[in-house]
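Architecture at a glance
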Amino acid sequence: MKNTSLRNPLMLLLTAVIWGVAFVAQSVGMEYIGPFTFNCVRCLIGGVVLIPCIWILGRVRGSETVSGTEESEKRAGKNGKTERAYRKNERRILLTGGLCCGLALFVASNLQQFGIQYTSVGKAGFITAMYIVLVPVLGVFLKKKIGLKVWISVALAVVGLYLLCITEGFSVGLGDLLVLLCAFVFAVHILVIDYFSPKTDGVRLSCIQFLVCGVLSGICMMIAEQPDMGAILQAWMPVLYAGVMSCGVAYTLQIIGQKGMDPTVASLILSLESVVSVLAGWALLGQSLSARELFGCVLMFGAIILAQLPERAKD
């Protein structure tokens, strides 16, 4: 596992909390507007919210740029690159990363929104969180070494998710297939972030990915849906939460928190959104938790703790 401080896992945990509560916002918002409209508005709000953050961070850091680190500047100097060439390369990496992350987010988020329409929330939550299995599987093809401890954590988390989310008979329908494709693309999204986040500024990368996702969703919205401003205004509260908190705050925390972390462990922490959504329903809506669901939560937390334990030092 890559070296990381406690701050990074805590950032990802906060991300999972925000995403878990956002399931309510997504469900309520879909009562007023279509999937493409919802994702278009929420992502554009998320991108716009981050613009002043980028400006403020730039003023605070001053000469310490938000697009690179001192270490990368030293490497650039050793390679004989000019400052202008270095900046140009930084911008290229930022734009490329933003476009790749935005495209993956566009596909995954819209597949999820459409899938939720045709399947239960519990099944959708379980299938979406299956990216915790897909991330290490895809990582194997990318020649990433996955330890036995992490594989055991993944297995525990899958069992916990099943107990937590699947309370009815399990069958496969159109919505399930759409959400399964969503989980695959979310796994790709995590690996793309793992590749680009150490190379550029996380806040700018997040801002670009939202603008890309929002624009692409907007194009699809104009083609496939009939957006109505009155309906959007009726859904202002869930859309605003999804835009500011789920997009602007949570996805930015994900990008920053994933820096230096094993992507499989990061996906395990992020999958706690399923646990949070159940706990939020219990705490905010008075929905009771069965012994089966509580045991699923315990397994999920146990999997995260196991994944975070330090590796045994070799003699």
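Everything here concerns the structure above.
The shown structure was predicted, so the numbers you read here are calculated from the model rather than taken from an experiment. (Residues numbered from 1 in each chain as written. Predicted model: local features only at pLDDT ≥ 70, side-chain atom pairs only at ≥ 80, totals over all residues. Heavy atoms only, no water.)

1. Observations concerning helix α1 (residues 7-29)
The following threshold applies: Secondary structure elements follow DSSP: runs of H or I no shorter than four residues count as helices, runs of E no shorter than two count as strands, and numbering proceeds from the N terminus. Expected helix span is given by 1.5 Å per residue-to-residue step, counting one fewer step than there are residues. The seven residues ending at a residue and the seven starting there each receive a fitted axis; the angle between those axes is the bend at that residue.
For α1, built from 23 residues, the straight-helix expectation of 33 Å at 1.5 Å per residue is met to within 8% by its first-to-last C-alpha distance of 32 Å. The principal kink in α1, of about 30°, is found at alanine 22.

2. Some thoughts on the packing of helix α6 (residues 131-141) against helix α8 (residues 174-196)
Going by this rule: Interaxial angle, 0 to 180 degrees, is taken between N-to-C directions of lines fitted to C-alpha atoms, where a helix line uses only the stretch in contact. Should an angle lie under 35 degrees it is considered roughly parallel, over 145 roughly antiparallel, and from 65 to 115 roughly perpendicular; all remaining angles are considered oblique. Should the near helix be turned anticlockwise from the far one by less than a right angle, the crossing is termed left-handed; should it be turned clockwise, right-handed. Only heavy atoms matter for contacts: two residues are in contact if any of them lie within 4.5 Å across the pair. Three classes are used, and their members are as follows: Ala, Val, Leu, Ile, Met, Phe, Trp, Tyr, Cys and Pro are nonpolar, Asp, Glu, Lys and Arg are charged, and the others, Gly among them, are polar.
Between α6 and α8, the shortest axis-to-axis distance is 8 Å and the interhelical angle comes to 55°. The orientation of α6 relative to α8 falls into the category oblique. For the element pair α6 and α8, the recorded crossing hand is right-handed. Side by side, α6 and α8 meet where Tyr131, Leu134, Val135, Leu138 and Gly139 of the first sit next to Ala183, Phe184, Phe186, Ala187, Val188, Ile190 and Leu191 of the second. The residue makeup of the contact of α6 with α8, split by class, is 11 nonpolar, one polar and no charged.

3. Some words on the nonpolar core
What counts is decided by this rule: Residues belong to one nonpolar core when they are buried, are Ala, Val, Leu, Ile, Met, Phe, Trp, Tyr or Cys, and are joined through side-chain atoms within 4.5 Å. Only protein chains enter the accessibility calculation, which uses a 1.4 Å probe. A residue is then buried if its area is under 20% of the maximum for its type, exposed if over 50%, and partly exposed in between.
With 53 residues, the main nonpolar core has Tyr131, Ile132, Phe186 and Tyr251 as its most contacted residues. By residue number, the principal contributor to this core is α8, which donates seven residues. Contact partners of phenylalanine 186, with chain neighbours within four places excluded, come to Leu105, Ala108, Ser109, Gln112, Thr128, Tyr131 and Tyr251. Ile93, Val192, Ile193 and Leu205 belong to the second largest nonpolar core, which has 10 residues in total.

4. Re the packing of aromatic side chains
Filter applied, for reference: Any Phe, Tyr or Trp ring, taking Trp's six-membered ring, that has another such ring centre within 6.5 Å forms a pair; planes under 30 degrees apart are called stacked, those over 60 apart edge-to-face, and the others tilted. We call a charge positioned over a ring when the NZ of a Lys or the CZ of an Arg lies within 6 Å of the ring centre and within 35 degrees of the ring normal.
According to the stated counting rule, one finds four aromatic pairs in the structure shown. Between phenylalanine 36 and phenylalanine 114, the ring centres sit 5.1 Å apart and the planes meet at 65°, which makes this aromatic pair edge-to-face. Of this pair, phenylalanine 36 sits in helix α2 (residues 35-61) while phenylalanine 114 sits in helix α4 (residues 83-116); the two residues are 78 residues apart in sequence, bridging distant segments of the chain. Since its relative accessible area comes to 24%, phenylalanine 114 is described here as partly exposed. Here the aromatic rings of phenylalanine 210 and tyrosine 251 are separated by 5.6 Å at their centres, their planes lie at 75°, and the arrangement is edge-to-face. Separated by 41 residues along the polypeptide, phenylalanine 210 in helix α9 (residues 202-224) and tyrosine 251 in helix α11 (residues 236-257) bring together distant segments of the chain. In terms of burial, phenylalanine 210 and tyrosine 251 fall into one category: buried. Lysine 199 extends its terminal NZ or CZ atom over the ring of tyrosine 195, reaching a point 4.0 Å from the ring centre.

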